[in-house]
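Read off the chains here:
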Amino acid sequence: MENNFWDIAFSDLLIAGEKISGKGEDAYLNFASENGGIFGVFDGCGGLGARQYTELGGWTGAYTASRAVAYGLFDWFQEACLAENWWEQAAEQAGRSAADALGRCKGLVRTKSMLMGGMQKEFPTTAVIGLLYWLSEKRQMGADFLWAGDSRGYVLDRSGLCQITRDDAEGQNAMSEIYSDGALTNVMSASAPFTLHERHLTLSAPAIVFAATDGCFGYLGSPMEFEYCLLDTMMRAQTVEQWEKALGEVFDGTAGDDYTLSGQLLGFRDFSACRQYYKGRYQYLQREFMLPLRNGGREERYRLWELYRPGYEKYITESRQP
């Protein structure tokens, strides 16, 4: 493979659906330029931000927050990416942009009406933001993931699906979270300062990088079934658009919530090359995980999860933190 394969780096991937039409509290971001790219998902926290604001047309704090942060980051990125080595200060600038967007939301409503119970927050939303930029004369690509909350960032490469972000939830992992939601310990909001975590990757081979809200992965039986869903629909599609449609149909049938997946296919000549690249992984996943699951119950699912887990968690269990 030629070293300059990043010249054909960007191909959008976007799937989104609402549980209740017109009232979805997810938002997304997906944009690429010659200087790099940005993608992201934002899940307005409906329980924490259920309050409706007459000043905002009756929309909830959760609905408003996800969109305000997405729009704010889009505006920030279009200007920031024009600077040389823009990514070096991106985490700090993106966090400030998100906080400013939420602060503007708070400024639009009557402050005396903002008193809330302990379980409520002002304009709360999760966030996963992916930043992409070229390194080493386009022989490598940097991918920075920023996050707050329990939406997730992923890399899908030839070795399988890897979760990059670590959920801000009490005592949970990707498997246990499916069956027992942990309380969120950190989200973006206008109520208090939040933590925007950061993890850096260097990519030197084709991959799919994406972010997803819990409507995508939280209603399937296991993380390996989420990966299988991604690859099975890919193998049955002929174009990216067909793949997006097929994934949306799966999520429509499984999700009990809004769902949003946003990302980029990196370094593939075309979709046929992408499908061929993942064919071996798809066959392995079928043989080693999906066939045993057909006749297995929860105990078998947990046994298989322990086999799958080391590769899936390799970025979030590494001892060296970026």
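Below you will find a few notes about this structure. In this text, all values refer to a predicted model and were calculated from it rather than measured experimentally.

1. Some details on the layout of surface pockets
Okay, so step 1: Estimated volume of the largest pocket: approximately 880 Å³.
Okay, so step 2: Along the walls of the largest pocket sit 39 residues, with Cys45, Gly46, Asp150, Leu184 and Asp214 positioned nearest its centre.
Okay, so step 3: Here the second largest pocket is characterised by a volume of approximately 220 Å³.
Okay, so step 4: Every residue lining the second largest pocket is counted, 15 residues in all, and those nearest its centre are Asp26, Ala27, Tyr28, Arg67 and Tyr71.
Okay, so step 5: Among the elements of the structure, strand S1 (11-17), strand S2 (26-33) and helix H1 (61-80) are those that each provide at least two residues to the lining of the second largest pocket.
Okay, so step 6: Its residues placed into classes, the lining of the second largest pocket shows 7 nonpolar, 3 polar and 5 charged.

2. Some details on the packing of H1 against helix H2 (residues 90-107)
Okay, so step 1: Between H1 and H2, whose axes approach to 8 Å, the crossing angle comes to 135 degrees. In this view, H1 runs oblique relative to H2, as classed from their interaxial angle. Note that H1 runs across H2; the crossing there is right-handed. Here Thr64, Ala65, Ala68, Val69, Gly72, Leu73, Trp76 and Ala80 of H1 lie close against H2, whose contacting residues are Ala90, Gln93, Ala94, Ser97, Ala98, Ala101, Leu102 and Cys105.

3. Here we look at the sheet that holds strand S3 (residues 36-43)
Two pairing modes exist for strands in a sheet, parallel and antiparallel, and in both the strands are linked by backbone hydrogen bonds.
Okay, so step 1: The 5 strands are arranged S2-S3-S4-S5-S8 in an open sheet whose pairing can be described as antiparallel. Looking at which strands have only one partner, the edges of the open sheet turn out to be S2 and strand S8 (197-203). In this sheet, neighbouring strand axes are inclined to one another by 10 degrees on average, regardless of whether the strands run parallel or antiparallel.
Okay, so step 2: Direction of pairing for strand S5 (residues 140-148) relative to S8: antiparallel, over a ladder of 7 bridges.

4. Looking at the sheet that holds strand S7 (residues 160-163)
Okay, so step 1: The strand order across the open sheet built from 5 strands is S1-S10-S9-S6-S7, with neighbouring strands paired in antiparallel fashion. This sheet does not close on itself; its edge strands, each paired only once, are S1 and S7. Taken pair by pair, the neighbouring strands of this sheet meet at an average axis angle of 20 degrees, ignoring direction.
Okay, so step 2: Here 7 bridges tie S1 to strand S10 (residues 259-266), and the two strands are oriented antiparallel to one another. Along S10, the bridge assignment pairs Ile15 with Leu261.

5. Here we look at the nonpolar core
Okay, so step 1: Residues Ile208, Phe210, Phe226 and Tyr278 are the most contacted members of the largest nonpolar core, which totals 44 residues.
Okay, so step 2: Sorting elements by how many residues they give to this core places helix H7 (residues 271-294) first, with 9 residues.
Okay, so step 3: Each residue touching Ile208, except ones within four places of it in the same chain, is listed here: Leu13, Tyr154, Val155, Leu156, Met234, Trp243, Gln264, Leu265, Phe268, Cys274 and Tyr278.
Okay, so step 4: Residues Trp76, Ala90, Ala91 and Tyr133 belong to the second largest nonpolar core, which totals 35 residues.

6. Some points on the packing of aromatic side chains
Okay, so step 1: By the definition in use, this model includes 27 aromatic pairs.
Okay, so step 2: Taking 5.9 Å as the distance between ring centres and 80 degrees as the angle between the ring planes, the aromatic pair formed by Trp86 and Tyr133 counts as edge-to-face. A residue pair is termed long-range when its members are at least 10 positions apart, and Trp86 in the loop between H1 and H2 and Tyr133 in strand S4 (residues 127-135) qualify at 47 residues.
Okay, so step 3: Ring centres 6.0 Å apart and planes at 75 degrees place the aromatic pair Tyr284 and Phe289 in the edge-to-face group.
Okay, so step 4: The partly exposed category is assigned to Tyr284, whose relative accessible area is 33%.
Okay, so step 5: With relative accessibility at 4%, the residue Phe289 sits in the buried group.

7. Here's the deal with the side chain of Asn173
Okay, so step 1: For Asn173, the location among the structural elements is in the loop between S7 and helix H3 (176-179).
Okay, so step 2: A distance of 2.8 Å separates the side chain of Asn173 from the backbone nitrogen of Met175, its partner in a polar contact.
Okay, so step 3: Contacts of Asn173, omitting those with residues within four sequence positions, involve Arg152, Trp305, Arg309 and Glu313.

8. Overview of the pairing of S2
Okay, so step 1: As judged from the 8 bridges shared by S2 and S3, these two strands associate in the antiparallel manner. By the bridge assignment for S3, Leu29 is matched with Gly40.

9. Section: the pattern of salt bridges
Okay, so step 1: In the structure shown here, the tally under the stated rule is 12 salt bridges.
Okay, so step 2: The shortest N-O distance in the salt bridge between Asp270 and Arg269 comes to 3.8 Å.
Okay, so step 3: When the shortest N-O distance is used, the salt bridge between Arg287 and Glu288 registers 3.1 Å.
Okay, so step 4: A residue is classified by how much of its surface remains accessible, and Glu288, at 35% relative accessible area, is partly exposed.
Okay, so step 5: One network of salt bridges, with partners in common, ties together Glu306, Arg309 and Glu313.

Conventions and cut-offs
- Residues numbered from 1 in each chain as written.
- Predicted model: local features only at pLDDT ≥ 70, side-chain atom pairs only at ≥ 80, totals over all residues.
- Heavy atoms only, no water.
- 1 Å grid on protein atoms, 1.4 Å probe; cavity = no way out; pocket = protein on both sides within 12 Å on 5 of 7 lines; lining within 4 Å.
- Points joined across faces, edges and corners; volume = space filled by probe spheres on them.
- Helix = DSSP H or I, 4+ residues; strand = E, 2+ residues; numbered from the N terminus.
- Nonpolar A, V, L, I, M, F, W, Y, C, P; charged D, E, K, R; others polar.
- Axes fitted to C-alpha atoms, helices over the stretch in contact; angles between N-to-C directions.
- Parallel < 35°, antiparallel > 145°, perpendicular 65-115°, else oblique.
- Left-handed = near helix turned anticlockwise from the far one by under 90°.
- Contact = heavy atoms within 4.5 Å.
- Pairing = 2+ DSSP bridges.
- Core = buried A, V, L, I, M, F, W, Y, C linked by side-chain atoms within 4.5 Å.
- Buried < 20%, exposed > 50% of the residue type's maximum accessible area, 1.4 Å probe, protein only.
- Phe/Tyr/Trp six-rings, centres within 6.5 Å; stacked < 30°, edge-to-face > 60°.
- Polar contact = N/O pair within 3.5 Å; in protein donor to acceptor, adjacent residues only side chain to side chain.
- Salt bridge = Lys/Arg side-chain N within 4 Å of Asp/Glu carboxyl O.

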